[in-house]
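Structural characterization, general
Here's the letter readout for the chains.
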Amino acid sequence: MNHIQFKNTSIAYTDTGKGTAIVLLHGFLENQKMWDNYIVPFSKKNRVITIDLLGHGETECLGYVHSMEDNADAVHAVLAELRIRKAIFVGHSMGGYVALAFAELYPENVKGVVLLNSTARADSEERKLNRDRAIRAVKQSYIGFVSLAVANLFSENNRERLAAEIEYTKKEALKTPLQAIVASLEGMKIRNDREVLLHLTNFPKLLVLGEKDPILPFEETKEQIENTEVELVTFPDGHMSYIENQEELTKVLLHFFKKI
């Protein structure tokens, strides 16, 4: 694991392989270890960068609100340190929000974007209220909130089959400090709507969705790519495609990278 300093905050990252740079961005309550099964196949022909976003994994908290722009600036600092001018970004859930914030702030550094179980839309008013409820819940019962939050990301029919993977994901999620959880929830709540980027940017884009995603309504999320050139891939499972559909997702992503 490598580290750089960004605004007096230590940012952790890994750098593996050579070729076109692929930047892998994890989601809320995750860290760069979520990509462990993907680094080997991806790094055979590409340079793979994984980054712990603010307050997650080995990266420190920056403040009481971690905006998507703050995260994007931290990612940019890592790429500047590595002298990477252009990269393809793959963002899972919150990582997708960060990838889009990065694309808005640094369009010249983007070669392609994959939104993995993610959306370009801002939070609805109802979702913002749910974020506030989540903040109250995690302050009242940290372990209870994290355990429930992780289990609820998988489709119901996979919860027994993937019991060991769910336990591991919970264990990693419980390494995320309370301050980071609250700061991320606040940051996601205030994020900008970036649906326009799906329509007006020229770089290749891929949206990967789970048909039974418990937190991202499938039909509603799909709507945002109507009349765009965004490629769509769907799986019959939940929000955790990188676990629930690992083999198929690996093939899909390798195919996408190859085309760029």
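In short, a report on the structure. Just so it is clear, the structure is predicted and the values come from calculations on it, not from any experiment. (Residues numbered from 1 in each chain as written. Predicted model: local features only at pLDDT ≥ 70, side-chain atom pairs only at ≥ 80, totals over all residues. Heavy atoms only, no water.)

1. Things to note about the overall build of the protein chain
Put simply, the test is: A run of H or I in DSSP becomes a helix once it reaches four residues, and a run of E becomes a strand once it reaches two; helices and strands are each numbered from the N terminus. Both definitions apply: the radius of gyration is a C-alpha atom measure, and the globule rule equals 2.2 Å times residues to the power 0.38. Only protein chains enter the area calculation, which uses a 1.4 Å probe; residues under 20% of their type maximum are buried, those over 50% are exposed, and those in between are partly exposed. Two residues form a contact once any of their heavy atoms are found within 4.5 Å. When charges are counted, Lys and Arg are positive and Asp and Glu negative, with His and the chain ends excluded. Working definition for charges: the position is that of NZ of Lys, CZ of Arg, CG of Asp or CD of Glu.
In terms of regular secondary structure, the protein chain is built from 11 helices and eight strands. Taking 260 residues into account, the globule formula puts the C-alpha radius of gyration at 18 Å, and the protein chain, at 17 Å, falls close to it. For the protein chain, the spread of C-alpha atoms along the principal axes amounts to about 45 × 40 × 35 Å. Looking at the protein chain as a whole, 57% of its 260 residues qualify as buried. Nonlocal contacts in the protein chain, meaning residues at least 24 apart in sequence, comprise 77% of its contacts between residues at least 6 apart. With 31 positive and 36 negative side-chain charges, the protein chain shows a separation of 4 Å between the mean positions of the two kinds.

2. Comments concerning a nonpolar patch on the surface
What counts here: Patch members must show over 30% relative accessible area and no salt bridge, and they are joined within 9 Å when carrying like charges or within 5 Å when they are nonpolar side chains of Val, Leu, Ile, Met, Phe, Trp or Tyr. Using a 1.4 Å probe, accessible areas were evaluated by the Shrake-Rupley method; residue-level cover was limited to the displayed protein chains. Definition used for salt bridges: Asp or Glu carboxyl oxygen within 4 Å of a side-chain nitrogen of Lys or Arg.
A cluster of nonpolar residues, Y64, V65 and I190, forms a patch on the protein surface that exposes about 350 Å² of accessible area. Looking at the secondary structure, you find I190 in the loop between α7 (178–189) and α8 (195–200). Accessibility expressed as a relative area gives 52% for I190, which makes it exposed.

3. Examining α7
Applicable threshold: What a helix is expected to span follows from its residue count: subtract one and scale by 1.5 Å.
The end-to-end C-alpha separation of α7 is 17 Å, in line with the 16 Å expected for 12 residues at 1.5 Å each. Taking burial as the measure, the 12 residues of α7 include nine buried ones, the bulk of the element. Where α7 is concerned, the buried positions are A180, I181, V182, A183, S184, L185, G187, M188 and K189. Buried residues along α7 sit in contact with α2 (68–81), α3 (94–105), α4 (125–140) and α5 (142–151).

4. What about the pairing of strand β4 (residues 46–51)?
What counts is decided by this rule: We treat two strands as partners when DSSP finds at least two bridges between them. The handedness rule is simple: strands pointing away from the viewer, and a clockwise path from the first strand over the helix to the second, make the crossover right-handed.
Taken across its six residues, β4 has five buried, putting it largely inside the fold. Both strand β2 (residues 9–16) and β4 contribute to a ladder of four bridges, which runs antiparallel. Pairing of T16 across the sheet is with V48, part of β4. Regarding topology, helix α1 (residues 36–43) serves as the crossover connection from strand β3 (residues 20–25) to the parallel β4, and that connection is right-handed.

5. Description of the pattern of salt bridges
Under the counting rule described, the total for this entry stands at 17 salt bridges. Among the ionic pairs, E69 bridges to R194, the shortest N-O distance being 2.6 Å. You can see E69 sitting in helix α2 and its partner R194 sitting in the loop between α7 and α8, a full 125 residues away along the chain. Residue classification places E69 among the partly exposed positions, given a relative accessible area of 23%. Taking the shortest distance from any N to any O, the salt bridge between D123 and R127 comes out at 3.9 Å. A single network of salt bridges, built from pairs that share partners, joins D123, R127, R131 and R191.

6. A few points about the nonpolar core
As a reminder of what qualifies: Definition of nonpolar core: a set of buried residues of the types Ala, Val, Leu, Ile, Met, Phe, Trp, Tyr and Cys, connected through side-chain atoms within 4.5 Å.
Judged by nonpolar contacts, the single largest core of 86 residues is most densely connected at V23, L25, I51, V75 and F89. Of all the elements, α3 adds the most residues to this core, at eight residues.

7. Re the environment of A180
Relative to the helices and strands, A180 resides in helix α7. With a relative accessible area of 0%, A180 lands in the buried category. As for A180 and G63, which are separated by 117 residues in sequence, their C-alpha atoms are 8.4 Å apart. Leaving out residues up to four positions away in the same chain, A180 has contacts with G55, C61 and H66.

8. Overview of unusual backbone geometry
In this structure, L29 takes a positive phi of about 70° despite not being glycine. Relative to the helices and strands, L29 resides in the loop between β3 and α1. A relative accessible area of 5% places L29 in the buried class. One non-glycine residue with positive phi stands out, namely S93, at about 55°.

9. With respect to the sheet that holds β3
Sheet strands pair by backbone hydrogen bonding; their relative direction is either parallel or antiparallel. What counts here: Lines fitted to C-alpha atoms define the axes here, with helix axes fitted over just the stretch in contact, and angles between the N-to-C directions of these axes take values from 0 to 180 degrees.
Pairing is mixed in the open sheet, where eight strands are placed in the order β1-β2-β4-β3-β5-β6-β7-β8. The sheet is open, and its two edges are formed by β1 (2–6) and β8 (231–235), each paired on a single side. Neighbour-to-neighbour, the strand axes of the sheet open up by a mean angle of 20°, direction not taken into account. When strand β5 (residues 87–92) meets strand β6 (residues 110–116), the two strands line up parallel, connected through six bridges. Looking at β6, one finds that V90 is bridged to V114. This element, α1, spans β2, β3 and β4 of the sheet and lies at about 160° to β4.

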